[in-house]
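Listed here are the chains, written in short residue letters.
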Amino acid sequence: MKLLNYLLFFGSSSFFKSIKLLFYLNSKNKTDILFYYPSYLSQQSKLPKFLVPLITSVKKNNLSYLVIEEPNLNQKLPRSKEATPFDFLWLLIILLRKFHKGNNYNLIDIKIGRLMSKIFGFKRDIRNVITVSQSLQSIFKGMFPNAILYDYQHGLISLKYFGYLYGNSVPKHIIINKSNVLLHGKSIKNKLLNLKGGSYFKKHSFVVGSNFQEYNNPKRSFNGNILFSLQFTNSHSNELNKILLSKTIDLFNKIELNKLNLKIYIKNHPRFDNCIFVDDLYKYKFVKIAPIALDDCFRICSLHLTEYSSVLFDSIREGVPTLLTSFSSETNIYEEEYSFPSKQLCLINDFDKINNNLFFNQMITKQLEWSKNLCEPFNEKRFIELFI
């Protein structure tokens, strides 16, 4: 299967288009901002929705920019026409990593970035680089040593995941790369400042907000339709994926046993990549495949269910309350680190409560209030001031 994926990759139009990027980078012109994101974040061959406010504000303020999309061999959806493919250079990076030994992957990637810049003679004056999920930040550090690096927050920042944090400390790669972080809310910045060595983030973190807008017309009652954001991903161990699957099946069995009048629309994680066999979930009569676009999901559903997906914030933005499944202590991030309201609710045991309109409205009101300092609306002025 991998061989087939690579053959399709080499023969794709995006691979040939990606070679044109070499000519762009060999020009002596200036680019104010280079955006870089993994392709699994694109939506229906469009740019990721959360990046659109940033790109729109850059256009409005007449800053030069380029959007680059990292490939995903397992993704079958069309690539974004608004982004330049990174396929050729991405493949070269994967190959060059195999020739470097050692465990300091940050320094290895910086060396690879420098080497690629020398091989291809990159002359482009890239002033700033904005990545998502810290994708290839160290490569860009080596490739464009004079560029200022930023990473735009996507998803949760947690003590349980390496990235912005290493345990209770600031990761070394952030300090070595002199990386800056663009954050969704004040509470996230306070979390970083309270780390050991967190004073680094006083000058290197900026709250610019997100595409979150407080919803003025939340759902008023539960209509029996639930969006279930599944969390099966290659980022987890196989053991954890098995636990989450087993608990999901247990939940579906209880729904069936209690004859609850529900329809559950299940949506796979963007990095699912068939990491576990989930066909058994579709055998239940009340289970449906969720629409691709989240907006369409929330037009249908009035309740959101997840273990810890950041879709929770999209749900709140659309006026739809979230219930947490709490299947594993490894993934109880919202409860332990963010004091999420309604965390004790259970779909089965509290079904009558959820069906009560007054209680339902209290749920979304509490969650809207809770989200305000975690996921603020995009602040264009604060964002643009970083680059002009």
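Residues numbered from 1 in each chain as written. Predicted model: local features only at pLDDT ≥ 70, side-chain atom pairs only at ≥ 80, totals over all residues. Heavy atoms only, no water.

A.B. asks: Requested: an account of the pairing of strand E4 (residues 125–132), with residues and values cited.
C.D. replies: The buried fraction of E4 is high, at six of eight residues. The pairing of strand E1 (residues 30–38) with E4 spans six bridges and is parallel. Within E4, the residue paired with Leu34 across the bridge is Val129. Relative to strand E5 (residues 148–152), E4 is paired through five bridges, and the arrangement is parallel. (Buried < 20%, exposed > 50% of the residue type's maximum accessible area, 1.4 Å probe, protein only. Helix = DSSP H or I, 4+ residues; strand = E, 2+ residues; numbered from the N terminus. Pairing = 2+ DSSP bridges.)

A.B. asks: An account of the packing of helix H2 (residues 13–26) against helix H4 (residues 87–97) is requested, with residue identities and associated values reported.
C.D. replies: Relative orientation of the contacting elements H2 and H4 amounts to 90°, with a least axis distance of 6 Å. With respect to H4, the axis of H2 lies roughly perpendicular. Of the residues in H4, those in contact with Ser14, Phe15, Ser18, Ile19, Leu21, Leu22 and Leu25 of H2 are Asp87, Phe88, Leu89 and Leu91. (Axes fitted to C-alpha atoms, helices over the stretch in contact; angles between N-to-C directions. Parallel < 35°, antiparallel > 145°, perpendicular 65-115°, else oblique. Contact = heavy atoms within 4.5 Å.)

A.B. asks: Can you explain the nonpolar core? Please cite residues and give values.
C.D. replies: In this structure, Phe228, Phe232, Phe252, Ile255, Leu303 and Leu347 are the most contacted members of the largest nonpolar core, which totals 34 residues. Secondary-structure elements contributing two or more residues to this core are strand E8 (225–229), helix H10 (238–257), strand E9 (263–267), strand E11 (303–306), helix H14 (351–354) and helix H15 (357–371). Per-element tally for this core: the top contributor is H10, with six residues. Setting aside chain neighbours within four positions, we find Phe228 in contact with Thr248, Leu251, Phe252, Ile264, Tyr265, Ile266, Lys267, Leu305, Thr306, Thr325 and Phe327. (Core = buried A, V, L, I, M, F, W, Y, C linked by side-chain atoms within 4.5 Å.)

A.B. asks: Pulling in residues and values, what's your account of the sheet that holds E9?
C.D. replies: One open sheet accounts for five strands, arranged E10-E9-E8-E11-E12; its pairing is parallel. With one partner strand each, in any of the chains shown, strand E10 (287–289) and strand E12 (322–324) form the two edges of the open sheet. The sheet shows a mean angle of 30° between the axes of neighbouring strands, direction not considered. Bridge analysis of E8 against E11 gives four bridges, and the strand direction is parallel. Its bridge partner lying in E11, Ser229 is registered against Thr306.

A.B. asks: How would you sum up H15? Please name residues and give values.
C.D. replies: Helix length check: H15, at 15 residues, gives a terminal C-alpha distance of 21 Å against a target of 21 Å (1.5 Å per residue), a fit within 8%. Regarding H15, the residues found buried are Phe360, Met363, Ile364, Gln367, Leu368, Trp370 and Ser371. All buried residues of H15 fall inside an arc of 165° around its axis, so they share one side. Across from the buried face of H15, at angles greater than 90 degrees, the exposed residues are Leu358, Thr365, Lys366 and Glu369. Summarising the contacts, the buried residues of H15 are in contact with E11, helix H12 (311–317), E12, helix H13 (333–338) and H14. Sitting at the amino-terminal end of H15 is Asn356, which places a side-chain oxygen 3.0 Å from the backbone nitrogen of Leu358. (Expected span 1.5 Å × (residues − 1). Arc of directions from axis to C-beta. Polar contact = N/O pair within 3.5 Å; in protein donor to acceptor, adjacent residues only side chain to side chain.)

A.B. asks: Please set out the pattern of salt bridges residue by residue, giving values where relevant.
C.D. replies: What the rule picks out here adds up to 16 salt bridges. Across the salt bridge formed by Asp109 and Arg97, the nearest N and O atoms sit 2.8 Å from each other. With a gap of twelve residues between them, Asp109 in helix H5 (residues 105–120) and Arg97 in helix H4 connect regions that are remote in the sequence. Given a relative accessible area of 10%, Asp109 falls into the buried group. Taking the relative accessible area as the measure of exposure, Arg97 reaches 32% and is therefore partly exposed. Salt-bridge contacts for Glu337 lead to Lys191; the nearest nitrogen and oxygen are separated by 2.8 Å. (Salt bridge = Lys/Arg side-chain N within 4 Å of Asp/Glu carboxyl O.)

A.B. asks: Any chance you could break down the environment of Asn373 for me, citing the residues and the numbers?
C.D. replies: Looking at where Asn373 falls in the secondary structure, it is placed in the loop between H15 and helix H16 (380–384). Considering only alpha carbons, one finds Asn373 and Ser187, 186 residues apart in sequence, at a separation of 5.4 Å. Those residues in contact with Asn373, other than ones at most four positions away along the chain, are Gly185, Lys186, Ser187 and Ile188.

These values are about where atoms sit, not about what they do.
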